[in-house]
Amino acid sequence: MSRFYVTTPIYYVNDVPHLGHAYTTITVDALRRYHLLRGDETRMLTGTDEHGLKIEREAQERGKTPIGLATEMSARFRELWPKLEIVPDDFIRTTEKRHEDLAQELWKTVAAKEDIYLDHYEGWYCVGCEELKTEKELLPGNICPLHQRPVERIKEESYFFRLSKYQQPLLDLYEKHPEFAQPESRRNEVVSFVRSGLRDLSVSRTSFKWGIPVPGDPKHVMYVWFDALANYWTAAQDTAAHKKFWNDGTVVHLVGKDILRFHAVYWPAFLMSAGLPLPKTVYAHGFLTINGQKMSKALRNAVDPLGIARAFGSVAGSGEAGADILRYQLLRAIAFGQDGDLDLAAMVERYNADLGKNLGNLLARTLGLCTKLTGGKRPAAAKVTDLESDLLNEAKRAASRARDEWDAIAPHRALEITWGLSSAANAYVDRAAPWAEAKKGDQARIGTILATLLEVLRILSVMIWPVLPKKSDEMRAQLGLSPLASQIGRDAWPSGAEFLPGGGTLAPGAPLFPTVDEDGARALLETLTPRIPAEGANADAAAPATASASASASATASTPTESPSSVTYDQFAAVDLRVGRVRSAERVPKKDKLLLLKVDVGEAEPRTIVAGLALSFRPEDLVGKRVIVVANLAPRDFGKGLISHGMLLATGPSEKLALATVAAEVEPGAKLK
RNA sequence: GCCGGAGUAGCUCAGAUGGUUAGAGCGGGCGUUUCAUACGCGCUAGGUCGGGGGUUCGAUUCCCUCCUCCGGCACCA
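Starting from 1, residues in each chain are numbered consecutively following that chain's sequence as written. Written order decides the labels, with chains lettered from A and ligands numbered from 1. Per-residue local features are limited, in this predicted model, to residues with pLDDT of at least 70; the limit for side-chain atom pairs, both in listing and counting, is 80 or more; totals at the level of whole chains, interfaces and linings are taken over all residues. Processing note: side-chain calculations cover all non-hydrogen atoms of the structure and skip hydrogens and water entirely.

Description of the packing of aromatic side chains
For Phe, Tyr and Trp, where Trp contributes only its six-membered ring, two rings pair if their centres lie within 6.5 Å, and the inter-plane angle classes them as stacked under 30 degrees, edge-to-face over 60, or tilted in between. Within this structure, the stated rule accounts for 23 aromatic pairs. Between Tyr23 and Phe336 the ring centres are 6.4 Å apart and the planes differ by 50°, which places this aromatic pair in the tilted class. One end of the pair, Tyr23, is in helix H1 (residues 19–37); the other, Phe336, is in the loop between helix H12 (322–333) and strand E16 (340–342), with 313 residues separating them in the sequence. We note that Tyr23, like Phe336, is buried. The interplanar angle of 50° and the centroid separation of 6.2 Å between the aromatic rings of Phe77 and Trp81 together place this pair among those described as tilted. Of this pair, Phe77 and Trp81 are both found in helix H3 (residues 66–83), four residues apart, which corresponds to roughly one turn of the helix. Any residue under 20% of the maximum accessible area for its type is buried, any over 50% is exposed, and the rest in between are partly exposed; the area is computed with a 1.4 Å probe on protein chains only. Using a relative accessible area of 0% as the deciding quantity, one classes Trp81 as buried. Only runs of H or I of at least four residues qualify as helices and only runs of E of at least two qualify as strands under DSSP, and these elements are numbered from the N terminus.

So this is what it looks like as structure tokens:
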């Protein structure tokens, strides 16, 4: 028994919740539930990250205040979680006063250690863009590519955190506590990153306002990571009881692999500086694909977690059941820590096999036997034979091994072991053959067999609770047991057989996991198959008009749209767009994406154009193609004498580009207007 | 191109600090029971453990090299 504090990252409010968010949060919730069962004092935190230039801009574009936009988006997350059976103990927003005050306090503490200092970083500033440009973004001669005017060399004032000072302490931490950064392969990356040298970290900005003011210097706001990372600590400072979680508890952060560095390097450095205890473990999980496809905004109907859950639930008897099923699939099918794929067809198969035929049917056949052979009452156990003790030993061993896997944050293994027990129980039914005993009229033997099965089912109902809470309740109701209730200090994880006295009433009900037949599976796959919305069409309107699509509509409405600021006609007319014909194309050595093209645009000599097309086209396929060329774009130097004199218009992701062209047979050089 | 990870049965993956017949689940095939959601149980997969080379008495497991795939980074005006 101990104190367990587990967190998700706080989610940035520029996006609606998708399957990736749900995956992390479901995992954290399952861990939370597991520790509740163990009798631990348990706390789960999630929330939203709401500051930053992106939100400030987006709010402006949409005619909202930053806080208005953030509040609206934050609510999406907060409201989604309970529908997936996720019950956070706290939900923090970085715009809340409790966070802002304490983040400033943390800043002051670190500053008092002289770990924060004021300096400048230099950069190229484009007045038109109102932002700093990196050298790489600029055209030769330090020209802003967007505004075609020279950028200015400016110094922006910034506070810096003395990260370099913590290089050795961090290396010592990884050495002494290898469990701090997990999985191991990721830890190695972190270690080599730190070993390669740490530079001080810029932790404030003056270029935007939407953030937490720096104490004592309000023209600065804290830059993203100082503000965001602090949430884990600020959320646990409101009461003495909560403070104990940080000061005297096991703190575990689950994060995506993309943000491990911030959590395993910057965050412990901040905490070391502030003299605060460090988390025990930062565990990075992998990325999810759906049906083998990367998640993207274009697929957002398909990656809406509630949509998937409800659609699945509806073919499996009730929409409400879907959350449990999705939770099971995500935690069972994906090796935690590795990248994974949510394959919908495989999800149906696994549902039928594991949940329906294995566990669901075990419950149904056991209760059916009780109805027939013991009058629907819970039988008392008499003398157990080797068959029973083998199974009960197996149950004890499975519970113990699954517990170890949960402790190691390996839910996929814990579930594998749990289902191994269910399989063993099915095999036991056949060996013990209570129906054969019934013919012999051996009531005591029947009682023992059925009591053994009921006990194993009870154990299973506990072991599945972290992942399948609703189904656990349902299962227990049929077994005549009350829903699980946790109690601090009482370890409810199964440790061995505890035969209940005979006589209690059993309540067989509807199948726990009704099998999905082929028609159901087909309907489900049709509903959920990712579909790229038609060009220019509203994505929601283009989604298939099915029950689940409409169920998910509320969670996918008004996604931010990109509305480019308008240009005047004169500005537009200044762009020289021409039809060109590709004369030749070849790959550029050592540049995976680039092709070197010679394009005839009606001039004496073909233009040399370097374009990022190599992921989508083979050079030979481009030769002869009619393309649209921006002919008066400033030349761009790619190094080694490679200079591009123009740009081709195209659309799509870089690995699936479509080139713009004209429908009619037009001669090279023709101008577009 | 650089840095990671991975390439094992139809599919998803596990595993061995080098050693008699390389494992699991799902799917497939055969058999079988009848309590159950036509569900369970038993048997069954003849896989060069990505290719090549090396070390060794012996490698799929160690070393080198090559290939392929997946991430990340860079290039992508």
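Regarding the sheet that holds strand E13 (residues 281–285)
What the six strands build is an open sheet, ordered E3-E2-E1-E12-E13-E7; its pairing is parallel. In the strand order of this sheet, the two ends are held by strand E3 (90–93) and strand E7 (181–182), each with one partner. By the convention used here, strands pair only if DSSP detects at least 2 bridges between them. Both strand E1 (residues 3–12) and strand E2 (residues 41–49) contribute to a ladder of eight bridges, which runs parallel. Opposite Tyr12, over in E2, you have Asp49 as the bridge partner. On the sheet, H3 packs against E1, E2 and E3 and is oriented at approximately 160° with respect to E3. Most of the contacts of helix H10 (residues 260–274) go to strand E12 (residues 250–256), to which it runs at about 140°, and overall it touches E7, E12 and E13. Contacts were defined at the residue level, with two residues in contact if any of their heavy atoms lie within 4.5 Å. Axis definition: a line fitted to C-alpha atoms, limited for helices to the stretch in contact. Angles are taken between N-to-C directions and run from 0 to 180 degrees.

A word on the packing of helix H5 (residues 167–176) against helix H6 (residues 184–195)
One way to put it is that H5 packs onto H6 with a least axis distance of 10 Å and a crossing angle of 155°. When the axes of H5 and H6 are compared, the pair comes out roughly antiparallel. Judged by the twist between their axes, the crossing of H5 over H6 is left-handed. Here Gln167, Leu170, Leu171 and Tyr174 of H5 lie close against H6, whose contacting residues are Arg187, Val190, Val191, Val194 and Arg195. Should an angle fall under 35 degrees it is taken as roughly parallel, and over 145 as roughly antiparallel, whereas 65 to 115 is taken as roughly perpendicular and any remaining angle as oblique. By the definition used in this description, the sense in which the near helix is turned from the far one sets the handedness, with an anticlockwise turn below a right angle giving left-handed and a clockwise turn giving right-handed.

Notes on the environment of Val627
The residue Val627 is located in strand E20 (residues 626–630) in this model. Judged by its relative accessible area of 0%, Val627 is buried. Once the C-alpha coordinates of Val627 and Gly580 are considered, the two residues, 47 residues apart in sequence, prove to be 5.2 Å apart. Excluding residues within four positions of it along the chain, Val627 makes contact with Arg578, Val579, Gly580, Val582, Val599, Leu648, Leu659, Ala660 and Thr661.

By themselves, these observations are geometric and do not establish any function.
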